[in-house]
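Residues per chain are reported as follows:
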Amino acid sequence: MFCVKCGTRLPENDVRCPNCGWDLGELALSQRPEINNGMVGALLATLLCCLPLGLVAIAYSSQVAGKIAAGDYRGAEQAAGKARFWTWTAVLGGILFNFSGLMVLLHSPLL
Ligand SMILES: [Zn+2]
């Protein structure tokens, strides 16, 4: 992040410019990025696809809001990214699991 007044590079999470004293507090608050925590997808993946993998996605997803509140946007983005990754892993795992289950069922001598 850079100071909007003098362009000085600011320390991570700092809201006051060390060079010119410009207070970025208000601006930082208004410019807080909207980070999709992916919780809806994680919950759906958990319920519909693969419980253990979906739980990993939920765990990462639940970290996003806390990191945003702490001003750790990079950490929030990383947690959201991991949540998305595990959500899709759960979806693919669920599809493969259900598909193989279907194959077993179709080849079952019971049918
Ligand atoms: Zn400045």
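The rules behind each value
- Residues numbered from 1 in each chain as written.
- Predicted model: local features only at pLDDT ≥ 70, side-chain atom pairs only at ≥ 80, totals over all residues.
- Helix = DSSP H or I, 4+ residues; strand = E, 2+ residues; numbered from the N terminus.
- Buried ≥ 20, exposed ≤ 12 C-beta atoms within 10 Å, placed from the backbone.
- Core = buried A, V, L, I, M, F, W, Y, C linked by C-beta atoms within 7 Å.
- Contact = placed C-beta atoms within 7 Å.
- Axes fitted to C-alpha atoms, helices over the stretch in contact; angles between N-to-C directions.
- Parallel < 35°, antiparallel > 145°, perpendicular 65-115°, else oblique.
- Left-handed = near helix turned anticlockwise from the far one by under 90°.
- Nonpolar A, V, L, I, M, F, W, Y, C, P; charged D, E, K, R; others polar.
- Expected span 1.5 Å × (residues − 1).
- pLDDT = per-residue confidence, 0-100.

**Examining the overall build of the chain**
Right, on to step 1. Along the backbone of the chain there are four helices and zero strands.
Right, on to step 2. Element order for the chain, N to C, with α for helix and β for strand: α-α-α-α.
Right, on to step 3. For the chain, the proportion of its 111 residues judged to be buried stands at 23%.

**Some remarks on the nonpolar core**
Right, on to step 1. Grouped together as the largest cluster of nonpolar side chains are 17 residues, with contacts concentrated most on Ala57, Ala83, Trp86 and Ala90.
Right, on to step 2. Ranked by residues supplied to this core, first place goes to helix α3 (residues 51–69) with seven residues.
Right, on to step 3. Leaving out residues up to four positions away in the same chain, alanine 57 has contacts with Ala42, Ala45, Thr46, Ala83, Trp86, Thr87 and Ala90.

**Structural notes on the packing of helix α2 (residues 39–48) against helix α4 (residues 73–106)**
Right, on to step 1. At a minimum axis separation of 9 Å, α2 and α4 run at an interaxial angle of 25°. Here α2 lies roughly parallel to α4, going by the angle between them. In the crossing of α2 with α4, the sense of the turn from one axis to the other is left-handed. Contacts between α2 and α4 involve Gly41, Ala42, Ala45, Thr46 and Leu48 from the former and Ala83, Thr87, Ala90, Val91 and Gly94 from the latter.
Right, on to step 2. A per-class count over the contact of α2 with α4 returns six nonpolar, four polar and no charged.

**Quick word on α3**
Right, on to step 1. Taking 1.5 Å as the rise per residue, α3 with 19 residues should run 27 Å; its terminal C-alpha atoms sit 28 Å apart, in good agreement.
Right, on to step 2. Along α3, the positions that sit buried rather than exposed are Leu53, Gly54, Val56, Ala57, Ile58, Tyr60, Ser61, Val64 and Ile68.

**Let's talk about the environment of asparagine 98**
Right, on to step 1. Within the element layout of this structure, asparagine 98 appears in helix α4.
Right, on to step 2. A residue is classified by how many C-beta atoms lie within 10 Å of it, and asparagine 98, with 13 of them, is partly exposed.
Right, on to step 3. Expressed as a C-alpha distance, the spacing of asparagine 98 and cysteine 50, which sit 48 residues apart in the sequence, is 9.6 Å.

**Observations regarding the confidence of the model for the chain**
Right, on to step 1. Overall, the predicted model of the chain reaches an average pLDDT of 84, with 89% of residues at or above 70.
Right, on to step 2. The least confident element of the chain is helix α1 (residues 25–30), whose mean pLDDT is 55; the most confident is α3, at 92.

**Comments concerning the environment of proline 52**
Right, on to step 1. Structurally, proline 52 is set in helix α3.
Right, on to step 2. C-alpha of proline 52 to C-alpha of alanine 90: the two residues are 38 residues apart in sequence and 8.0 Å apart in space.

**Considerations on the packing of α3 against α4**
Geometrically, a packed helix pair is captured by the angle between its two axes and the distance between the axes.
Right, on to step 1. Orientation of α3 relative to α4, taken along the N-to-C sense of each, is 160°, at an axis distance of 8 Å. Between α3 and α4, the angle is such that the two are roughly antiparallel. Remark: the crossing between α3 and α4 carries left-handed chirality. Two secondary-structure elements touch here, α3 through Leu53, Gly54, Val56, Ala57, Tyr60, Ser61, Gln63, Val64, Lys67 and Ile68 and α4 through Tyr73, Gly75, Ala76, Ala79, Ala80, Lys82, Ala83, Trp86, Thr87, Thr89, Ala90 and Gly93.
Right, on to step 2. Of the residues contributing to the contact of α3 with α4, the split by class is 13 nonpolar, seven polar and two charged.

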